[in-house]
Amino acid sequence: MIVDCHFHVDETMLTLEKMIEGMDKNDVTKTALIAPMNETMFELDSAFQQNLQRLFRCLILNAPQIGLKIYDGLVKGGYLKIYGNSYKIFTKPSNDIVATAIDRFPDRFLGWVAVNPMIPVSVEEVELYLNKPSFIGVKAHPFMHEYSIKALDPVAAMCESKGIPMIIHLSSEAESYKYLPENYPKLKLIYAHAGLPFWKKLWKYIKDQPNVFVDTSSDYLNPSIVKKAVESLGYRKVLYGCDGPYGMKKFNEYDYSAKKSWIDLLQIPDNQKEYILGKNFLGLID
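Conventions and cut-offs
Residues numbered from 1 in each chain as written. Predicted model: local features only at pLDDT ≥ 70, side-chain atom pairs only at ≥ 80, totals over all residues. Heavy atoms only, no water. Buried < 20%, exposed > 50% of the residue type's maximum accessible area, 1.4 Å probe, protein only. Helix = DSSP H or I, 4+ residues; strand = E, 2+ residues; numbered from the N terminus. Pairing = 2+ DSSP bridges. Right-handed = clockwise from strand over helix to strand, strands pointing away. Salt bridge = Lys/Arg side-chain N within 4 Å of Asp/Glu carboxyl O. Core = buried A, V, L, I, M, F, W, Y, C linked by side-chain atoms within 4.5 Å. Contact = heavy atoms within 4.5 Å. Phe/Tyr/Trp six-rings, centres within 6.5 Å; stacked < 30°, edge-to-face > 60°. Lys NZ or Arg CZ within 6 Å of the ring centre and 35° of its normal.

## Focus on the pairing of strand E2 (residues 28–34)
Thought 1: E2 sits mainly inside the fold: six of its seven residues count as buried.
Thought 2: Across five bridges, strand E1 (residues 2–8) lies against E2 in parallel orientation. Bridge assignment links Ile2 to a residue of E2, and that residue is Val28.
Thought 3: Each parallel crossover has a hand, and for E1 linked through helix H1 (residues 16–25) to E2 it is right-handed.
Thought 4: Sheet topology note: the E2/strand E6 (residues 109–115) ladder contains three bridges and is parallel.

Following this line, the structure appears as structure tokens:
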């Protein structure tokens with residue numbers, strides 16, 4: 001079974017019907033959905049944008065001090081500023097959108113509860129949604145919502161006690177990737193986008209952390225970085241995800257095969273690819 005552990009639902013970019021059509025073409029059985037984090041964002045098909053992406057990856061990998069400064073500059077004043085455009089960030093993501101998608105297609109979708117701990121009702125809302133069918137864990141975004149990892153203490157404690165996973169898009173806060181594993185050692189934890197923005201340092205740290213994983217989602221990555229992550233961590237620590245519909249250039253035209261090909265191209269046995277494509281994630285939510 002192939003399961004995409006990281007995909008946003010935003011029908012201003014990609015309808016649920018088109019999402020399922022793409023899943024079917026690529027043998028994806030289920031997708032774990034996250035509420036949209038920012039307003040509609042289509043990308044340009046330009047050499048300039050592709051060159052910027054390559055430069056950013058190179059700096060994060062090889063000159064992280066510079067790369068982190070660029071990364072920090074992407075979020076300012078409640079907006080994501082990228083490729084010369086600004087997109088409003090949603091302070092309170094709408095988990096109802098995910099619940100509605102699950103209600104419409106309960107056999108195809110799972111749900112993450114998106115939480116912003118700077119909003120006082122966060123923990124109560126998390127528990128409310130986790131009692132709904134097919135919600136499997138919590139998504140947190142210290143990067144876009146601009147808070148210290150320590151603000152997640154109440155949610156992390158709850159997730160650890162319930163045995164449910166968290167998926168986190170890290171900020172550049174120094175060594176923040178160590179905080180939750182060291183304070184909540186039984187917490188099931190996924191660092192999105194292969195552990196952006198720390199990559200090599202994070203891979204080295206979590207290699208021996210039994211409950212900490214990374215996913216392969218987002219255009220922040222490319223086949224080379226996914227290959228490096230798998231080589232550094234092993235196939236049992238990596239989860240397949242897309243981060244769609246972000247990366248789209250036109251309405252309802254999402255290419256599922258692109259992200260899946262990153263796994264297909266790995267020079268590892270097929271049975272190991274099966275763990276990345278679904279078995280690892282299913283083991284976390286079982």
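On we go.
## Some details on the sheet that holds E1
Thought 1: Taken in spatial order, the eight strands of this open sheet run E1-E2-E6-E7-E8-E9-E10-E11, and their pairing is parallel. The sheet is open, and its two edges are formed by E1 and strand E11 (238–239), each paired on a single side.
Thought 2: Alignment of strand E8 (residues 166–168) against strand E9 (residues 189–191), held across three bridges, turns out to be parallel. Directly across from Ile168, in E9, lies its bridge partner Tyr191.

## Quick word on the pattern of salt bridges
Side-chain pairing between opposite charges can occur once the charged atoms of the two side chains come close.
Thought 1: Summed over the entire model, instances satisfying the criterion amount to twelve salt bridges.
Thought 2: Note that Lys18 is salt-bridged to Glu21, the shortest N-O span being 3.3 Å. Of the two residues, Lys18 and Glu21 both sit in helix H1, three residues apart, roughly one turn of that helix.
Thought 3: A residue is classified by how much of its surface remains accessible, and Lys18, at 32% relative accessible area, is partly exposed.
Thought 4: Ionic pairing is found between Lys178 and Glu175, a salt bridge with its closest N-O pair at 3.2 Å.
Thought 5: Residues joined by salt bridges that share partners form a network here, namely Glu11, Glu17 and Arg104.

## What to know about the nonpolar core
Note that soluble globular proteins tend to have their nonpolar side chains buried in a common cluster.
Thought 1: Counting 101 residues, the largest nonpolar core has Met166, Ile168, Tyr191 and Phe281 as its most contacted members.
Thought 2: Looking at this core element by element, the count peaks at six residues for E6.
Thought 3: If we ignore the near neighbours within four places in the chain, the residues touching Met166 are Trp112, Val138, Ala140, Leu152, Val155, Ala156, Cys159, Leu187, Lys188, Leu189 and Ile190.

## Details of the packing of aromatic side chains
Thought 1: If you walk through the whole model with that rule in mind, you get twelve aromatic pairs.
Thought 2: Ring geometry for Tyr177 versus Tyr205: centroids 5.6 Å apart, planes at 65°, classification edge-to-face. One end of the pair, Tyr177, is in helix H8 (residues 176–183); the other, Tyr205, is in helix H9 (residues 200–206), and 28 residues separate them in sequence.
Thought 3: When the ring of Tyr254 is compared with that of Tyr256, the centres are 5.2 Å apart and the planes differ by 80°; the resulting orientation is edge-to-face. As far as burial versus exposure is concerned, Tyr254 and Tyr256 are alike and both buried.
Thought 4: Through successive ring pairs, a cluster of aromatic residues spans Phe56, Tyr71, Phe143 and Tyr220.
Thought 5: Lying across the ring of Phe213, Lys237 places its NZ or CZ 5.3 Å from the centre.
Thought 6: Taking NZ or CZ as reference, Lys279 lies 5.0 Å from the ring centre of Tyr275, over its face.

## Regarding unusual backbone geometry
Thought 1: Following Leu196, the chain continues into Pro197 via a peptide bond in cis, with omega recorded as 5°.
Thought 2: You can see Pro197 is positioned in the loop between E9 and H9.
Thought 3: Phi is positive for Ser134, close to 75°, though the residue is something other than glycine.
Thought 4: Assignment of secondary structure puts Ser134 in the loop between helix H5 (122–130) and strand E7 (135–140).
Thought 5: A relative accessible area of 26% means that Ser134 is categorised as partly exposed.
Thought 6: Positive phi, normally seen in glycine, also occurs at Glu175, with a value near 55°.
Thought 7: The topology assignment puts Glu175 in the loop between E8 and H8.
Thought 8: Taking relative accessible area as the criterion, Glu175 reaches 42% and is therefore assigned partly exposed.

## Looking at the pairing of E6
Thought 1: The buried fraction of E6 is high, at seven of seven residues.
Thought 2: Because side chains alternate across E6, one face comprises the buried residues Phe109, Gly111, Val113 and Val115, and the other comprises Leu110, Trp112 and Ala114, equally buried.
Thought 3: Here E6 runs beside E7; their pairing, made up of five bridges, is parallel. From the neighbouring strand, Val113 faces E7, where its bridge partner is Val138.
Thought 4: Running through H5, the crossover from E6 to the neighbouring parallel element E7 is right-handed.

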